[in-house]
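Topology and contacts: notes
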Amino acid sequence: MNFHSIGVKEIENYLGRPGTSLIDLRSREEYDLYHLEGARNIPYDDLAEYKQYLSKNMTYILYCERGGSSLMAAKELSQEGFHVYTVVGGIRAWQERRLD
């Protein structure tokens, strides 16, 4: 198991970086209401179906509502050889940071 955790302040360091993709693991409805710019929506419940389309040559930044689902997804994907980061506190932490 080899994945990394990053804080919301670090997300900006990865946005737009070649070879890096931001994945929102929340439901489609939650994603449609609000998501981080450039994020792709793959609901956690659909991840097993979609991971066949993910490249092991990419770095994936995963986030969810509070961090639990992205942590589980990061563990799963890293065990299969994907290079992943999970955002501590999820999109809620991002929203709280923006309110500060």
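No experiment lies behind these values; they were computed from the predicted model shown.

1. Description of the sheet that holds strand β4 (residues 59–63)
- Strand order in this open sheet of five strands is β1-β5-β4-β2-β3, and the pairing throughout is parallel. Whereas interior strands pair on both sides, the edge strands pair on one side only; in this sheet they are β1 (4–6) and β3 (40–41).
- Bridge analysis of β1 against strand β5 (residues 83–87) gives three bridges, and the strand direction is parallel. When the bridges of β5 are listed, Ile 6 appears paired with Val 87.
- Seen against the sheet, helix α4 (residues 68–79) touches β4 and β5 and runs at an angle of roughly 170° to β5.

2. Some details on the packing of aromatic side chains
- Per the counting criterion, the structure on display carries three aromatic pairs.
- Between the aromatic rings of Tyr 14 and Tyr 85, the centroid separation amounts to 5.1 Å while the plane-to-plane angle is 45°, which identifies the pairing as tilted. Here Tyr 14 is found in the loop between α1 (8–11) and β2 (20–24), whereas its partner Tyr 85 is found in strand β5, with 71 residues between them in sequence. No difference in accessibility class separates Tyr 14 from Tyr 85, as the two residues are buried.
- With a centroid separation of 6.4 Å and 55° between ring planes, the pair formed by Tyr 50 and Tyr 53 is classed as tilted.
- Of the residues examined, Tyr 53 reaches a relative accessible area of 56% and is grouped as exposed.
- Against the face of Phe 82 rests Lys 56, its NZ or CZ located 5.3 Å from the ring centre.

3. Observations concerning the pairing of β2
- The buried fraction of β2 is high, at five of five residues.
- A two-sided burial pattern is seen for β2, the buried positions comprising Thr 20, Leu 22 and Asp 24 on one face and Ser 21 and Ile 23 on the other.
- In terms of strand pairing, β2 meets β4 through five bridges, oriented parallel. Within the sheet, the bridge partner assigned to Leu 22 lies in β4 and is Ile 61.
- Of the strand pairs in this sheet, β2 and β3 are connected by two bridges, and their pairing is parallel.

4. Looking at the side chain of Thr 59
- You can see Thr 59 is positioned in strand β4.
- Relative accessible area serves as the criterion here: at 15%, Thr 59 is assigned to the buried category.
- Those residues in contact with Thr 59 that sit more than four places away from it in its chain are Gly 19, Thr 20, Ser 21, His 83 and Tyr 85.

5. Notes on the environment of Ser 70
- Within the secondary structure layout, Ser 70 lies in helix α4.
- Judged by relative accessible area, Ser 70 falls into the buried class, the value being 0%.
- Each C-alpha atom of the pair Ser 70 and Glu 10 lies 16 Å from the other, and the pair is 60 residues apart in sequence.
- Contact partners of Ser 70, with chain neighbours within four places excluded, come to Leu 25, Leu 62, Tyr 63, Cys 64, Thr 86 and Val 87.
- A distance of 3.1 Å separates a polar atom in the side chain of Ser 70 from the backbone oxygen of Gly 67.

The rules we used
Residues numbered from 1 in each chain as written. Predicted model: local features only at pLDDT ≥ 70, side-chain atom pairs only at ≥ 80, totals over all residues. Heavy atoms only, no water. Pairing = 2+ DSSP bridges. Helix = DSSP H or I, 4+ residues; strand = E, 2+ residues; numbered from the N terminus. Contact = heavy atoms within 4.5 Å. Axes fitted to C-alpha atoms, helices over the stretch in contact; angles between N-to-C directions. Phe/Tyr/Trp six-rings, centres within 6.5 Å; stacked < 30°, edge-to-face > 60°. Buried < 20%, exposed > 50% of the residue type's maximum accessible area, 1.4 Å probe, protein only. Lys NZ or Arg CZ within 6 Å of the ring centre and 35° of its normal. Polar contact = N/O pair within 3.5 Å; in protein donor to acceptor, adjacent residues only side chain to side chain.

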